[in-house]
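Here are the chains, one letter per residue:
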Amino acid sequence: MQIESLAFFSGKPVFKKPRSTSNLIKPNKGKFIEYVKKSYNTGKINSNGPLISEFERRFADLHGAKFCVSVCNGLWGLVLTIKAIKIHDKNEIIMPSLTYRRMADIAAWLKLIPHFCDVDSKSLGISPKYVEKCINENTSLILAPHPIVNLCDVEGIEKLANKYNLPLIFDSVESYYAEINNKKIGSFGDAECFSLHASKFFNGFEGGYVTTNNQELANVLKYYRNNGFDNNGQFKGWGMNAGLMDYHAALGLASLDEVELQVNKNKERFLNYQDLLKNILGIELVEYSFKEKRSYKNILVKLNSDWKLSREMTINLLQAENMIVRPYYYPPLHQKNSSYKTITSEMNNTNYLKDRFLLLPCGEFVDSEDIKIIAAYLSFINTNAEEIKNRINEISK
Ligand SMILES: *Cc1c(COP(=O)(O)O)cnc(C)c1O
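Residues numbered from 1 in each chain as written. Predicted model: local features only at pLDDT ≥ 70, side-chain atom pairs only at ≥ 80, totals over all residues. Heavy atoms only, no water.

*Asks:* Just checking my understanding: could you explain the overall build of the chain for this structure?
*Replies:* A tally of regular secondary structure across the chain gives 13 helices and 14 strands. For the chain, whose C-alpha radius of gyration is 22 Å, the value lies close to the compact-globule estimate of 21 Å for 397 residues. Once the C-alpha set of the chain is aligned to its principal axes, its extents read approximately 70 × 55 × 40 Å. Among the 397 residues that make up the chain, the fraction classed as buried is 55%. (Helix = DSSP H or I, 4+ residues; strand = E, 2+ residues; numbered from the N terminus. Rg over C-alpha atoms; globule rule 2.2 N^0.38 Å. Buried < 20%, exposed > 50% of the residue type's maximum accessible area, 1.4 Å probe, protein only.)

Okay, here's the thing in structure tokens:
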């Protein structure tokens, strides 16, 4: 490798096809078609099709929850669930700032005010300590998204929600398949929300679902998603067209059929990265817990003081090579311009952490050879950081 041959300058990209941070799994085609046939042959191919109940039963089991309600996508799953269980005459929703980029919009759709809390510096997730600082007489609900790789302190946050009698929803899009003390993610809080977008752990093309142990909540969500009608065609009230399509359920079910295979592949990729990154100065891989079940889907690294390039420059160099790396949830929500009101509590950890993490390519289209190339490239650009920076300065003169 030579500096001039980096794609950022004048070379050809290392990868012809992009290597992204999206999962993009393609479940077995035969299995998928089998599900589709089952659905097609009944003639009911809308969102009340025959695969929906199969999907909901199997995904409830997967998460150790009593109920699963499928929806059109993860975002509307969150909106509908919050609407169903928030405290009605209060208007603040507590959420971290370092999270999914549309999270504050979700509150805004409901005319609620996002109240941003700081995150724990180890897990990158919200913790009872910082959530408690945001609780006041206006608090309507706690929205707890799991961070990428680690889990937030589920038990601590549940205790806090109980202490103040507040509804609690987990956004568990990043925590499929994980367990805490042998209890499955999907069975905590009042409800947990998931996405089936192709970039996520399970692929349903697009879609989502909510798990809960609360029958009343499950019933409300079912008429919310069905234009306000319950299963017997009785009009119950407010609703919208937000159900999962049967063919999306088909792909979701085919994904579920091979979940163990996916996790094994993810783990192999993770161990590969772990092995190769440990020798690279300045890069720390954020490790999954090996003591309990995890999906090993994401490859998250921290750039420490031995990393000689800015994160932005690092991203530009890598993306030029078709390594579509991404900054970790950037910018944090409290630093985004928004057209609606927000409240920001202290952000010491968030402000420190926001520029330090990077997601590396993962998922179906990344193999062990690719990981070798990515690691070698990272090592090269850090070793030659000074020359690279000089070269960039020359160009920009
Ligand atoms: C993708 C994502 C969502 C939204 O899911 P969609 O199905 O894309 O609407 C919500 N939360 C998190 C953490 C996500 O990553």
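*Asks:* Looking at this model, I keep getting lost on the layout of surface pockets. Mind explaining?
*Replies:* By rolling a water-sized probe across the atoms, one finds the places where empty space is left. Taken as a whole, the largest pocket spans an internal volume of roughly 690 Å³. What lines the largest pocket is a set of 31 residues, and nearest its centre among them are Tyr-100, Arg-101, Ser-199, Lys-200 and Arg-326. The element that contributes the greatest number of residues to the lining of the largest pocket is helix 3 (residues 74–85), accounting for three residues. Of the residues contributing to the lining of the largest pocket, the split by class is 13 nonpolar, eleven polar and seven charged. Of the pockets and cavities examined, the second largest pocket occupies roughly 190 Å³. For the second largest pocket, the full set of lining residues is Asn-48, Gly-49, Ile-52, Ser-53, Glu-56, Arg-57, Phe-67, Cys-68, Lys-222, Arg-225 and Asn-231. When residues of the lining of the second largest pocket are traced back to their parent elements, those giving at least two are helix 2 (50–63) and strand 1 (67–71). For the lining of the second largest pocket, the element with the most residues is helix 2, which contributes four residues. (1 Å grid on protein atoms, 1.4 Å probe; cavity = no way out; pocket = protein on both sides within 12 Å on 5 of 7 lines; lining within 4 Å. Points joined across faces, edges and corners; volume = space filled by probe spheres on them. Nonpolar A, V, L, I, M, F, W, Y, C, P; charged D, E, K, R; others polar.)

*Asks:* Can you walk me through the packing of aromatic side chains in this structure?
*Replies:* Centre distance and the angle of the planes are the two values used to describe a pair of aromatic rings. Evaluation of the coordinates by the stated rule reveals 24 aromatic pairs. Ring geometry for Phe-55 versus Phe-59: centroids 4.1 Å apart, planes at 20°, classification stacked. Of this pair, Phe-55 and Phe-59 both sit in helix 2, separated by four residues, roughly a single helical turn. Note on Phe-59: relative accessible area 0%, which makes it buried. On the numbers, 5.1 Å between centres and 45° between planes, the contact of Tyr-176 with Phe-194 is tilted. Note that Tyr-176 is positioned in the loop between strand 5 (168–171) and strand 6 (179–180) and Phe-194 in strand 8 (residues 191–195), a separation of 18 residues in sequence. With respect to burial, Tyr-176 and Phe-194 carry one shared label: buried. Among the aromatic residues, ring-to-ring pairing joins Phe-55, Phe-59, Tyr-176, Tyr-177, Phe-194, Phe-201, Phe-202 and Tyr-209 into one connected group. The cationic tip of Arg-311 hangs over the ring face of Tyr-330; the distance from NZ or CZ to the ring centre is 4.9 Å. (Phe/Tyr/Trp six-rings, centres within 6.5 Å; stacked < 30°, edge-to-face > 60°. Lys NZ or Arg CZ within 6 Å of the ring centre and 35° of its normal.)

*Asks:* Is there a simple way to explain the site of the ligand in this structure?
*Replies:* By nearness alone, every residue bordering the ligand is listed as Asn-73, Gly-74, Leu-75, Tyr-100, Asp-171, Val-173, Glu-174, Ser-195, Lys-200, Gly-207 and Tyr-329. Take Leu-75: an N or O atom from its main chain is 2.9 Å from an oxygen atom of the ligand. The residue makeup of the shell around the ligand, split by class, is four nonpolar, four polar and three charged. (Near = heavy atom within 4 Å. Polar contact = N/O pair within 3.5 Å; in protein donor to acceptor, adjacent residues only side chain to side chain.)

*Asks:* How should I be thinking about the packing of helix 2 against helix 8 (residues 246–257) in this particular structure?
*Replies:* The description of two helices packed together rests on the angle between their axes and the distance between the axes. For the pair helix 2 and helix 8, interaxial distance at closest approach is 9 Å and the crossing angle is 35°. With respect to the hand of their crossing, helix 2 and helix 8 are arranged in left-handed fashion. Here Pro-50, Leu-51, Ile-52, Glu-54, Phe-55, Arg-58, Phe-59 and Leu-62 of helix 2 come into contact with helix 8, specifically with Asp-246, Ala-249, Ala-250, Gly-252, Leu-253, Leu-256 and Asp-257. (Axes fitted to C-alpha atoms, helices over the stretch in contact; angles between N-to-C directions. Left-handed = near helix turned anticlockwise from the far one by under 90°. Contact = heavy atoms within 4.5 Å.)

*Asks:* Even after reading the chapter, I still don't get the side chain of His-334, so can you show me in this structure?
*Replies:* Tracing the sequence through the fold places His-334 in the loop between strand 12 (326–327) and strand 13 (343–344). A distance of 3.1 Å separates polar atoms of two side chains, one belonging to His-334 and the other to Asn-351. Setting aside residues no more than four positions away along its own chain, His-334 makes contact with Ser-97, Phe-116, Thr-344, Met-347, Thr-350 and Asn-351.

*Asks:* I would appreciate a short explanation of the pattern of salt bridges in the present structure.
*Replies:* One side chain can pair with another of opposite charge once the charged atoms of both are near each other. If you walk through the whole model with that rule in mind, you get 17 salt bridges. Ionic pairing is found between Glu-56 and Arg-225, a salt bridge with its closest N-O pair at 2.7 Å. You can see Glu-56 sitting in helix 2 and its partner Arg-225 sitting in the loop between helix 7 (215–224) and helix 8, a full 169 residues away along the chain. Take Glu-56 and Arg-225: they sit in the same class, and that class is buried. Note that Arg-391 is salt-bridged to Glu-394, the shortest N-O span being 3.8 Å. Pair noted here: Arg-391 and Glu-394 are both in helix 13 (residues 385–396), with a separation of three residues, about one helical turn. Its relative accessible area of 23% is what places Arg-391 among the partly exposed residues. (Salt bridge = Lys/Arg side-chain N within 4 Å of Asp/Glu carboxyl O.)

These figures capture arrangement, not role.
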